[in-house]
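# A closer look at the structure
So the chains spell out like this:
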Amino acid sequence: MQIHHFSEDFVVQLEKYEGVPFEERIVEALERMVEDARNAGCTLKIASGYVSKEDQDAQYHAKIQQLMEQEGYSQVRAEDQAQKTIGRGGYNEHQTGMLVEFAASEEGVPFEQSQAYQWLMKNSVNYGFVLRYPENKTSITGTDYTPSCFRYVGTDNAIKMREYSMCLEEYAQYVRQQAAKLKYRKNCAGLLAFLVVLC
């Protein structure tokens, strides 16, 4: 799995939704999804959105220290595990502002057993969101299964990803291959704009 780095001139246009910052392009879809879920009797509780490079790096290094001090990990093993669970600043999709992390609204209930998770797995693609780190794709994403993280890719792309049973890395590669076959990248520009981490 290749780890992708953001370019130095990478910029996010932030807009807050429910007090949480996101890339402004996703806010309308996110708001609609949360409202539709609420109307269906399901609360989608947002835990986090955009995280700056500096804050991400601080979380990453704190995780390394915690693994070394509390779990007895070596430096190398701790860094590897922290990358799989937290990610370094400059390499983590929270910096795109397009990753939404949810939390269970029911106290003491793991997110993947929550009503919110069930609703999202059934409906999120209709709003352009996909489960970012699926359980059966960890060797491809390089990140541990994270049932609470959903990534905005646009509705058409999200529906195709579900149809093809692809994670984001697989779908990005698929789009590139189709573009190469057609020798025409215009149709892929919309998706590739969302895949800043992977391009």
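### A short note on the sheet that holds strand S5 (residues 129-133)
Strand order in the open sheet made by the four strands is S3-S4-S6-S5, with antiparallel pairing throughout. Edge positions in the sheet fall to strand S3 (45-48) and S5, since each has one partner strand and no second. Direction aside, the axes of adjacent strands within the sheet are offset by 50° on average.

### Focus on the pattern of salt bridges
For side chains bearing opposite charge, pairing can occur when the charged atoms are close. Tallying each qualifying case throughout the model produces six salt bridges. Note that glutamate 18 and arginine 38 form a salt bridge whose closest N and O atoms lie 3.6 Å from each other. One end of the pair, glutamate 18, is in the loop between strand S1 (14-17) and strand S2 (20-23); the other, arginine 38, is in helix H1 (residues 24-39), and 20 residues separate them in sequence. Residue arginine 38 is classed as partly exposed on the basis of its relative accessible area, which comes to 48%.

### Comments concerning the pairing of strand S6 (residues 146-152)
Where burial is concerned, most of S6 is hidden: seven out of the seven residues are buried. Direction of pairing for strand S4 (residues 99-103) relative to S6: antiparallel, over a ladder of three bridges. From the neighbouring strand, glutamate 101 faces S6, where its bridge partner is cysteine 149. For S5 and S6, the ladder comprises four bridges, and the chain directions are antiparallel. From the neighbouring strand, tyrosine 133 faces S6, where its bridge partner is threonine 146.

### Description of helix H2 (residues 53-70)
In a regular helix each residue adds 1.5 Å, so 18 residues correspond to 26 Å; H2 covers 25 Å between its end C-alpha atoms and thus fits that length. Regarding H2, the residues found buried are Gln56, Tyr60, Ile64 and Leu67. Looking straight down H2, one finds its buried side chains confined to an arc of 80°; they lie on one side. When the buried face of H2 is taken as reference, the exposed residues oriented beyond 90 degrees from it are Glu54, Glu69 and Gln70. Tucked into the core, H2 has its buried residues touching helix H3 (75-85). Positive backbone phi, approximately 75°, marks glycine 72, located one or two places after H2.

### Looking at the environment of glutamate 24
As for its placement among the helices and strands, glutamate 24 is situated in helix H1. Excluding residues that lie within four positions of it along the chain, glutamate 24 makes contacts with Gln13 and Glu15.

### What about unusual backbone geometry?
Unlike most non-glycine residues, glutamate 18 shows phi in positive territory, near 55°. Here serine 165, not a glycine, exhibits a phi torsion of approximately 55°, which is positive. For serine 165, the location among the structural elements is in the loop between helix H6 (155-164) and helix H7 (168-182). By relative accessible area, serine 165 is classed as exposed at 52%.

### Examining the environment of alanine 62
Mapped onto the secondary structure, alanine 62 falls in helix H2. Along the chain, alanine 62 and alanine 82 lie 20 residues apart, while their C-alpha atoms are 9.1 Å from each other.

### Quick word on the nonpolar core
Within the largest apolar cluster, 27 residues are counted, with the highest numbers of intra-cluster contacts made by Phe22, Leu30, Met33, Leu44, Ile46, Phe102 and Phe129. Looking at this core, the elements that each hand over two or more residues are S2, H1, S4, helix H4 (115-123), S5 and S6. Sort the elements by how many residues they give to this core and H1 lands first, with seven residues. Discounting chain neighbours no more than four positions away, the residues touching phenylalanine 129 are Ile26, Ala29, Leu30, Met33, Val100, Ser124, Phe150, Arg151, Tyr152 and Ala158. Judged by nonpolar contacts, the second largest core, of eight residues, contains Val130, Met161, Leu168 and Val175.

Thresholds, definitions, all that
- The written sequence of each chain sets the order in which its residues are numbered from 1.
- Predicted model: local features are reported for residues with pLDDT of at least 70 only, side-chain atom pairs are reported and counted for 80 or more only, and whole-chain, interface and lining totals are derived from all residues.
- To get the side-chain values, all heavy atoms of the structure are used, and hydrogens and water are removed first.
- A pair of strands counts as paired when DSSP detects no fewer than two bridges linking them.
- We count a stretch as a helix when DSSP gives it H or I for four or more residues in a row; a strand needs E for two or more, and each element gets its number in order from the N terminus.
- Only C-alpha atoms enter the line fits that serve as axes; for helices the fit covers just the stretch in contact. Angles between N-to-C directions range over 0 to 180 degrees.
- One side-chain nitrogen of Lys or Arg within 4 Å of one carboxyl oxygen of Asp or Glu is enough to make a salt bridge.
- Per-residue accessibility, obtained with a 1.4 Å probe over protein chains only, is compared with the maximum for each type, and a residue is labelled buried under 20%, exposed over 50%, and partly exposed between these values.
- Expected span, for any helix, means 1.5 Å times one less than how many residues it has.
- As used here, the arc is the angular range of directions from the helix axis to the C-beta atoms.
- It only takes one pair of heavy atoms within 4.5 Å for two residues to be counted as in contact.
- Definition used in this section: a nonpolar core is a set of buried Ala, Val, Leu, Ile, Met, Phe, Trp, Tyr and Cys residues joined via side-chain atoms within 4.5 Å.

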